[in-house]
Amino acid sequence: MAKLRFHIRYPEERIPDPILYQIGKEFQVIPSIRRADVRETTGWMDVEFTGETDEIDRAIVGLREKGCIVDPIELNVVE
Amino acid sequence: MTNPRPVLFSLPYSKHDDYLYSIEDEVSIMTKKMQSLVCRECGKEYPTQDIHVCELCFGPLEVKYDYAAIKKEISRDKILAGPKSLWRYVDLLPVEGTNFIGKHAGFTPLVHAKNLGAFLGLDNLYIKNDCVNHPTLSFKDRVVAIALTRARELGFETVACASTGNLANSVSAHAASAGMKCYVFIPGDLEAAKVLGNLIYRPNVIEIEGNYDDVNRLCSEIAGERHWAFVNINIRPYYAEGSKTLAFETAEQLGWRAPDQVVVPMASGSLLTKIWKGLKEFEKVGILDAVPTKINGAQAEGCSPIATAFRNGRDFFKPVKPDTIAKSLAIGNPADGYYALKTAAESHGAMDAVTDDEIVESIKLLAQTEGIFAETAGGVTIGVLRKLAKQGLIRKDEVTVAYITGNGLKTQEAVVDSVGRPTRIQPSLKHFTQTFGIEEST
């Protein structure tokens, strides 16, 4: 089982949606929210996914298909 | 989420302990100055190892020092007697020994910019010129010198980074001189000239088929898999501390005083926060009496998530897709953006952004008034300096320092179409005289 950490941003129109719950139902991954800031027009979460690596990869694709932007926990590391 | 009661710890045994012990013998006092790595969000503390993210809340870690112990050691005289490099401030840097990599980094000129100052209506304008940093002509030589020195102390033999320019140059050059293995990850569509600037030092250069997001993701994963020192990932808490030396040098070169205003280019936002931290540390250990400095941030309009948030009065930023000629500042989702906003607010500074045309004009203005050819990030800094001066946010009499972080020879493509052409003449005195209207002497 792998544990991978991500910074997830939500588009404004998807902020009310239970996206992380849906991802947990659709894929064999366990999300653990460590920090988050959700406001009226913007929202992000720092999340750890536990699961098989391939399944986490599929969950990330699923998040992106729902309109989320998924970065590594370190954000941009290309300097 | 907060944790106001830091958890203390004892260092676990690691395979590096014997090595660290030998360094302790060498300089016993210096091993005590770093207390821990501390989470900037929840305050949880960790050993000073190669970790960068809090295991509890995923917040970034930074170095915590024992300032009371450092205050007993450090003095202006001790600094003055030190090497003419950033290592003269070693008491406030996150290394344990004296086996430094990048021995000549730092201590770059602080130029009293009288001509540019006259143009902008500023009597006490200074340029901190990191265009001439050693060995790769950018401020990255500071952070990389610290990162690689610390990486070697932690037992790493291989260093790595993800970069499109200055960082890769500096890591490659320092690794070559230190005899360390080096891996540089770049996006697959990087310009040939920038790739060459790395290849000359013979690191392993890996072109990744994909965009910046793909490079980010892969490098984070590799950093988790391999025992490599990724300078701006798992070594980031130490790497970032190198930026403080710009503040230390500025204060020393101004005659042991903090400037009234500084203008700092922002990519991740880290440099701005560390300049503030450096000045405050000097105050804390008694080197400076006071720090009244306003910390101002500069970005390009084509990638201005932090400046935009500041102008809109927000304490959070919205990430953007970069579209600017200032490639070295083109970080759309800046890791320290939140902390940069906090620093500007705390110091009563400001933030602004300039267009690509303004960047080019500002590069030319700095070159033509002070003889300093800056890269595009320097154009951003000077452009925003002009704006702040024009708006009256910087007063005529205030001691103001603008940070120029890279050499213009690295981004010549930005100005190549706007500097004109040479005047071409026949190889004769007659043609020369005709062209320039000077009478031939008899």
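Note: the structure precedes this text.
Just so it is clear, the model here is predicted, and its values are computed rather than measured.

Asks: Before we go on, may I ask you to explain the overall build of chain B in this structure?
Replies: Each helix and strand in chain B was counted, giving 16 helices and 13 strands. Against the globule reference of 22 Å for 442 residues, chain B gives a C-alpha radius of gyration of 22 Å, in line with a compact fold. A burial count over chain B gives 55% of its 442 residues as buried. Look at the contacts in chain B between residues 6 or more apart in sequence, and 69% of them connect residues 24 or more apart.

Asks: What am I meant to see in the interface of chain B and chain A here?
Replies: Accessible area lost during the coming together of the parts is what is often quoted as the interface size. Facing 27 residues of chain B, the contacting portion of chain A comprises 16 residues. It is helix α8 (residues 212-225) of chain B that provides the largest number of residues to the side of chain B that touches chain A, a total of six residues. Residues of the side of chain B that touches chain A, tallied by class, amount to 16 nonpolar, eight polar and three charged.

Asks: Is there a simple way to think about unusual backbone geometry in this case?
Replies: Note: most residues except glycine have negative phi, and most peptide bonds are trans. Residues and elements named next belong to chain B. Cis geometry is adopted by the peptide bond preceding Pro135, which originates at His134 and carries an omega value of 5°. Looking at the secondary structure, you find Pro135 in the loop between β5 (125-129) and α5 (140-153). The phi dihedral of Phe58 is positive, around 65°, even though this residue is not glycine. Mapped onto the fold, Phe58 is located in the loop between β2 (45-46) and β3 (61-65).

Asks: Before we go on, may I ask you to explain the sheet that holds strand β1 (residues 2-10) of chain A in this structure?
Replies: In sheet architecture, strand pairing relies on hydrogen bonds along the backbone and comes in two forms, parallel and antiparallel. Residue and element names in this part refer to chain A. Spatial ordering of the open sheet is given by β2-β3-β1-β4, a layout of four strands whose pairing is antiparallel. Each edge of the open sheet carries a strand with a single partner, namely β2 (30-38) and β4 (69-72). This sheet shows a mean twist of 25° between the axes of neighbouring strands, independent of strand direction. Sheet analysis places β2 next to strand β3 (residues 43-51), joined by eight bridges and oriented antiparallel. When the bridges of β3 are listed, Ile33 appears paired with Val47. Those strands touched by helix α1 (residues 19-26) are β1, β2 and β3, and its axis lies near 170° from that of β2.

Asks: Sorry if this is basic, but what is going on with the sheet that holds strand β12 (residues 351-354) of chain B here?
Replies: All names here are of chain B. Ordered in space as β4-β5-β13-β10-β11-β12, the six strands form an open sheet in which the pairing is mixed. Only two strands of the sheet have a single neighbouring strand rather than two, namely β4 (110-112) and β12. Here the average twist between neighbouring strands, direction ignored, is 25°. As paired elements, β5 and strand β13 (residues 400-404) share five bridges and run parallel to each other. Pairing of Lys128 across the sheet is with Tyr403, part of β13.

Asks: Would you mind going over helix α6 (residues 166-178) of chain B with me for this structure?
Replies: Counting along an α-helix, one turn takes 3.6 residues, and residues three or four places apart therefore face a common direction. Residues and elements named next belong to chain B. With 13 residues, α6 extends 18 Å from end C-alpha to end C-alpha; this agrees with the ideal 18 Å at 1.5 Å per step. Counting buried positions over the 13 residues of α6 gives ten, a clear majority of the element. For α6, every residue scored as buried is listed here: Asn166, Leu167, Ala168, Asn169, Ser170, Val171, Ser172, Ala173, His174 and Ala175. Positive phi appears at Gly179, one or two residues downstream of α6, with a value of about 70°.

The rules behind these values
The numbers attached to residues start from 1 for each chain and follow its sequence in the written order. Naming scheme: in the order in which they are written, chains are lettered from A and ligands are numbered from 1. Only residues with pLDDT of at least 70 are given local features in this predicted model, and only at 80 or more are side-chain atom pairs given and counted; all residues enter the totals for whole chains, interfaces and linings. Helix and strand definitions here come from DSSP, where helices need a minimum of 4 consecutive H or I residues and strands a minimum of 2 consecutive E residues; each element is numbered from the N-terminal end. Note that the radius of gyration is over C-alpha atoms, with the globule rule given as 2.2 Å times the number of residues to the power 0.38. In this scheme the burial state of a residue depends on its C-beta neighbours within 10 Å: 20 or more other such atoms mean buried, 12 or fewer mean exposed, and anything in between means partly exposed; the C-beta positions come from the backbone. By the convention adopted here, residues make contact when the C-beta atoms placed from their backbones lie within 7 Å. Side-chain classes follow a simple rule in which Ala, Val, Leu, Ile, Met, Phe, Trp, Tyr, Cys and Pro form the nonpolar group, Asp, Glu, Lys and Arg form the charged group, and the remainder, Gly included, forms the polar group. Following DSSP output, two strands are said to pair if at least two bridges run between them. Each axis is a line fitted through C-alpha atoms, and for a helix only the stretch in contact is used; angles between axes span 0 to 180 degrees, taken between their N-to-C directions. The span you would expect from a helix comes to 1.5 Å times its residue count less one.

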